[in-house]
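Structural overview for review
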Amino acid sequence: MHRITGKAGGDSLIEMSPTDSFSDDMNGYDQRASSRTGSQGPSVSPPDVCVETCESLNTSLVCLDSSDLSDCIQYRSQPSEQISALFGLSRKRSLFLKYRSRIDKQQQSKDSVFFRDGVRRIDFVLSYVDDKDDERKQEKRRVYESNLVKVGLELETEDKSESEDGKTYFVKIHASWEVLATYANVLKIKVPFKVADTQDNSREIPMNWLSTPFRLPKDIMHPEPDYFTAPFNKEKSDFFLIEDKDTFFPPSTRNRIVYYILSRCSYIREECGDADKKGIKRLLNNGTYTSAFPLHDSRYWTKSKDANCESERYTLYKHWARFLCFFKEQPLDLVRKYYGEKIGIYFAWLGFYTEMLLFAAVVGTLCFIYGFLTYDNNEWSKEICSEQIGGNIVMCPLCDKKCGFWKLNTTCNSSWQSHLFDNVATVFFAIFMGIWVTLFLEFWKRRQARLEYEWDLFDFEEEQQQLQLRPEYETKCNDRKLNPITKEMEPYLPITSKCARSCLSGATVLLWISLIIACIIGVIAYRLAVYAAFASIMKDSPTNKLEVVGPYITPQLATSVTASCINFVIIMILNLMYEKVAIWITDMEIPKTHVEYENKLTVKMFLFQFVNYYSSCFYVAFFKGKFVGYPGDYAYMFGKWSKLRNEECDPGGCLIELTTQLVIVMTGKQVWGNIQEALLPWLMNWWGSRKARKHPESLYSRWEQDHDLQGFGQLGLFDEYLEMVIQFGFITLFVASFPLAPLLALINNVIEVRVDAWKLTTQFRRPVAAKAHSIGAWQEILNGIAVFSVVTNAFIVAFTSDMIPRLVYMYAYQPDGEMNMKGYINNSLSVFNISAIPPENSPENGENPSWFNDSITTCRYRDYRYPPGHEKQYSHTMQFWHILAAKLAFIIIMEHVVFMVKYFVAWLIPDVPADVRARIKRERYLVQKNLHDYEVEKLKIQLSQQGNHECAAGSLRVDSLSALRSQSMRFDSSVSSDHNLTCEVATFV
């Protein structure tokens, strides 16, 4: 036994037995440290341990910071009886942490992205928890890591005793120059060979000084010079601009290369002969490793203390991920450099979409202001609110039994509200949005083409990534067949099994869509049932006496708001449930590649979300008030036995209710989405790292910090795209009913950009860099929504709005022949004899208002039917058919006009800007020219070196001439001006 004491607390003594588990850990430290693979730093012997009681712990920590460790350690003797009183589990923990802090005092900070030698960069980290009872996992790890070393990767293992939880091992991976160069050659990664000599004319904007407050510094926006690039060739490495091999490949390219190796490295011995047992994804799926991730280069709130570390994460947080930067442009080049092209493309699209929303928001706001300014010119609302007109018109009951007769002027406020959105500007805005969406998609294609060039993606072939089989596909497919291209046996799914799985998947999707429709029918039934209750309750409600809000609280509003809220809750619940179901049925289909998996899941999720989010809006827009019938012959939802009479629209129209539905669902989704995206990851990270945050920076290692963050999965961007596409549908499909929808979307997206940037930079592990030259399948979905939106907006203006009936009345049925709307309300209401109302439709005793008496013999309802006593009583009038014809004509004309403009604009705007095409041709020309010059110079050097050997020179001269002619012929095929250069070389030889 040894007696151990601290310098500051010399009278506090503890005995530790060598058999104690902690002593075992200390005794074995040197052995573990020396056994770490790839460690080339000096061996570190465990220092003596300084231990104090709780009273002297703080003083001892000061001692460690202020004095040398050797002065702090003393050995004494002490009876073992004090152990049980002073040495508990928490005591062991504090001893262990102090022990580690002493070791780290002699080494570099653990908040580093380099190996212990401070030279080799950590390109990837694997973590696992050692399960001593599972020898198979241990064997897989040993073989896998051994195979990684064989392919050239260098490993360094951090023992579990040095992890925060005391259970997790971390394997740090470094790729040497040879490995990077080899796989860069395989992956055809483009690298610079010449500084670009062309200027980007797109950035020369007139009056550019106006945008200065929104600009970021040039070194942030463009962290690297503009280069001409070519696919890397290891054999011609001196052709490229290599100044420092350690920094030539950026960290995003390095982790992409390492992940490529990890995905293809086998974890079984070669003699076993099972070539399919490979890949880090399968090891993660079976629990051999718990996580695999590249490292962030620093903490996000401060720069790294290591001068060799770029601290790009800190730069992104400072200039991009903070909400105070919401008015600044995005540093897309830096985002692409740090996270890769796939994430860069998403933020470029989101930013461009937000910029284009600004124009739609301005026009929509102007249309809303127009409705507000023409408030007093609203003749039909004046008639509704007038005591002489609306006050004398008695309306038929809106529901059976519980609804009484009512006067038209009670809908005065809703009529005024409806005018804000239902006016002449509505038609203009619907047409404008049909053109706007085309401009957005076409200009995005141009923006995307520019990014493809600037980010070296214009000839990127996704097949290299698409052909990588999913680990699940390899595991579940037991059949093998010969690949005609590689001539190797590969797993495949028989056609019978594939058809059966696809049918089951399709049936599941249809079942869930049917469930959505059933829920919507339930909400409609709620509306029909509760309206009568609200009408009965609210006729004598105290809220009617409130001066400000009393007139606005009507049974229609109460029914609409409560039904919309219930529908929103149902939507959120079904989303949570269906997301898991969609992933399950997509996994069941066993897609072959990751791209196929994403496409299948995208179709399933969007189809479900489309029905889930938009079905209630479609009901209000196209079904409510359209199949009502008339007094004495009302239509019922499930037949008369259900007593659920179909809803009627207000005399002011159903458009205001569609607006209410749209605002509640759209705004509620956006607010809930932002809370969910920002709050949940933060809470999970805060809880997971609550203990480790108390450790000093030198102790809380960079890999442990990232390990405590949330993982950014392969489908991490899927939810982001889906959220924005659903929003895109709201502002295009139903925008005619709510011109302020683009403004709400704009406000949301300004927040969304920074929320997504914040959570990606601060709350998630660094994702593996991936290439993507477009937004993928979402482009086609956006095109489909754009086309469908023209149809829906035309139908909303024609059938949901009262625009067409008013125009028909003004031009054809105005009794005085004047171009005004006087008399429109009386013309749009039909007459019915109260005595002819069946008893089952008549109000119960006490339901009618006090002003109603037997002298009132008729009531009015919203329709165009002949009055009682007419030979065609209660059948549709000719005006009804004229209005219907006008509606259909308007739909046809509006669709054709908008589609013609859309396709003309699409034809007029080229997908690729002219300057980008020129720069692409220029770069391809320079690649060929410089490679040709490089080969010629190389041959000249070879000839000059062998000029003294005549025999060899004769043979070499023939070979060289043939090679030069071949080079010249290839170059002449693309560059006709190379004749002089070829002649000069031939003359030299």
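Residues numbered from 1 in each chain as written. Predicted model: local features only at pLDDT ≥ 70, side-chain atom pairs only at ≥ 80, totals over all residues. Heavy atoms only, no water.

As a further point, take the overall build of the protein chain. Each helix and strand counted, the protein chain has 33 helices and 17 strands in total. When burial is assessed residue by residue, the protein chain has 52% of its 989 residues classed as buried. Contacts in the protein chain between residues far apart in sequence, at least 24 positions, make up 78% of those at least 6 positions apart. As displayed, the protein chain has an accessible area near 46,800 Å², and 59% of this comes from carbon and sulfur atoms. (Helix = DSSP H or I, 4+ residues; strand = E, 2+ residues; numbered from the N terminus. Buried < 20%, exposed > 50% of the residue type's maximum accessible area, 1.4 Å probe, protein only. Contact = heavy atoms within 4.5 Å. Areas by Shrake-Rupley, 256 points an atom, 1.4 Å probe, with all protein chains shown as cover.)

For the rest of this paragraph, the subject is the state of the cysteines. One pass over the structure, following the stated rule, counts 3 disulfides. Covalently, C396 is tied to C859 through a disulfide, its sulfur atoms 1.9 Å apart. Between C396 and C859, the S-S torsion sits near 85 degrees, and that sign places the bridge as right-handed. Here C396 is found in the loop between β10 (394–395) and β11 (406–407), whereas its partner C859 is found in strand β17 (residues 858–862), with 463 residues between them in sequence. Per residue, the accessibility class of C396 equals that of C859, and both read buried. Covalently, C399 is tied to C403 through a disulfide, its sulfur atoms 1.6 Å apart. Because the torsion about its S-S bond is 95 degrees, the bridge between C399 and C403 counts as right-handed. Comparing C399 with C403, the two get one shared label, buried. (Disulfide = S-S within 2.5 Å.)

For the coordinates displayed, the defined rule picks out 64 aromatic pairs. Look at F124 and Y259: their rings are 6.0 Å apart centre to centre, the planes differ by 25 degrees, and that puts the pair in the stacked class. Here the residue F124 occupies a position in strand β4 (residues 124–129), and Y259 occupies one in helix α10 (residues 251–262), the gap between them amounting to 135 residues. Take Y259: its relative accessible area is 22%, and that puts it in the partly exposed class. Both rings, one in F248 and one in F249, keep their centres 5.0 Å apart while their planes meet at 75 degrees; by these two values the pair is edge-to-face. (Phe/Tyr/Trp six-rings, centres within 6.5 Å; stacked < 30°, edge-to-face > 60°.)

Considering the arrangement of structural elements, one finds D123 in the loop between α5 (89–105) and β4. For D123, a relative accessible area of 3% corresponds to the buried category. A polar atom in the side chain of D123 sits 2.8 Å from the backbone nitrogen of A175. At 2.7 Å, the side chain of D123 and the side chain of R254 are in polar contact. Residues within four places of D123 in sequence aside, it is in contact with I173, H174, A175, R254, N255, V258 and P294. (Polar contact = N/O pair within 3.5 Å; in protein donor to acceptor, adjacent residues only side chain to side chain.)

Right, let's talk about the environment of H773 for a bit. Relative to the helices and strands, H773 resides in the loop between α26 (741–762) and α27 (778–800). With relative accessibility at 23%, the residue H773 sits in the partly exposed group. Sequence separation between H773 and Y453 is 320 residues; the distance between their C-alpha atoms is 9.6 Å.

Within the sequence span of helix α7 (residues 177–187), burial applies to W177, V179, L180, A181, Y183, A184 and L187. Taken from the residues just after α7, K188 is the one with a positive phi, measuring 55 degrees.

The residue A292 is located in strand β9 (residues 291–293) in this model. Spatially, the C-alpha atoms of A292 and L126 are 4.5 Å apart, while their sequence positions differ by 166 residues.

What follows covers a nonpolar patch on the surface. Together, V671, I675, L679, L680, W682, L683, W686 and W687 make up a nonpolar patch on the protein surface, roughly 780 Å² of accessible area in all. Tracing the backbone through its elements, the reader meets W682 in helix α23 (residues 655–688). (Patch = residues over 30% accessible without salt bridge, like charges linked within 9 Å, V, L, I, M, F, W, Y side chains within 5 Å. Salt bridge = Lys/Arg side-chain N within 4 Å of Asp/Glu carboxyl O.)

So, on to the UniProt feature "transmembrane region" (unreviewed entry) in the protein chain. Residues annotated by UniProt as "transmembrane region" (unreviewed entry) correspond here to residues 346–373, 424–444, 509–537, 557–578, 728–751, 781–800 and 888–909. Helix makes up 100% of residues 346–373 and strand 0%, whereas the separation of the span's terminal C-alpha atoms amounts to 40 Å. Structurally, residues 424–444 comprises 100% helix and 0% strand, and the distance from its first C-alpha atom to its last is 31 Å. (UniProt positions renumbered as here; feature names shortened; annotations may be inferred.)

Mean pLDDT for the protein chain: 78, with 78% of residues reaching 70 or above. Every residue in residues 1–87 is under pLDDT 50, and counting partners more than four places away or in other chains gives 153 contacts. Throughout residues 462–467 the model reports pLDDT below 50, and contacts reaching past four residues in sequence, or to other chains, amount to 11 contacts. (pLDDT = per-residue confidence, 0-100.)

Our next topic: the pattern of salt bridges. This structure, assessed with the given rule, holds 35 salt bridges. Here R120 ties to D117 by a salt bridge, and the two come within 2.7 Å at their closest N and O atoms. A relative accessible area of 27% means that D117 is categorised as partly exposed. In this structure, the salt-bridge partner of E935 is K236, at a minimum N-O distance of 2.9 Å.

Packing of helix α17 (residues 424–454) against helix α31 (residues 914–945) brings their axes to within 10 Å, and their N-to-C directions diverge by 20 degrees. When the axes of α17 and α31 are compared, the pair comes out roughly parallel. You can see that α17 and α31 cross each other, and the crossing is left-handed. Within the contact between the two elements, α17 uses A449, R450 and Y453 and α31 uses D915, V916, R919, I920 and E923. Looking at the contact of α17 with α31 residue by residue, the classes come out as 4 nonpolar, no polar and 4 charged. (Axes fitted to C-alpha atoms, helices over the stretch in contact; angles between N-to-C directions. Parallel < 35°, antiparallel > 145°, perpendicular 65-115°, else oblique. Left-handed = near helix turned anticlockwise from the far one by under 90°. Nonpolar A, V, L, I, M, F, W, Y, C, P; charged D, E, K, R; others polar.)

Before going further, it helps to spend a moment on the nonpolar core. If you look at soluble globular proteins, the nonpolar side chains tend to sit buried side by side. In this structure, F347, W349, Y353, W436, F440 and F730 are the most contacted members of the largest nonpolar core, which totals 139 residues. Top contributing element to this core by residue count: helix α14 (residues 341–373), with 15 residues. With residues up to four places along the chain from it excluded, the contact list for F347 reads W320, Q330, L332, V335, V753, D756, A757 and L760. (Core = buried A, V, L, I, M, F, W, Y, C linked by side-chain atoms within 4.5 Å.)

Right, let's talk about the sheet that holds β4 for a bit. Across the sheet, which stays open at both edges, the 4 strands sit in the order β5-β6-β4-β9 with antiparallel pairing between neighbours. Looking at the sheet topology across the chains shown, the edges are occupied by β5 (153–158) and β9. Neighbour to neighbour, the strand axes of the sheet diverge by 20 degrees on average, direction disregarded. Bridge count for β4 against strand β6 (residues 168–175) is 6 bridges, and the pairing is antiparallel. Paired with Y128 across the strands is Y169, a residue of β6. (Pairing = 2+ DSSP bridges.)

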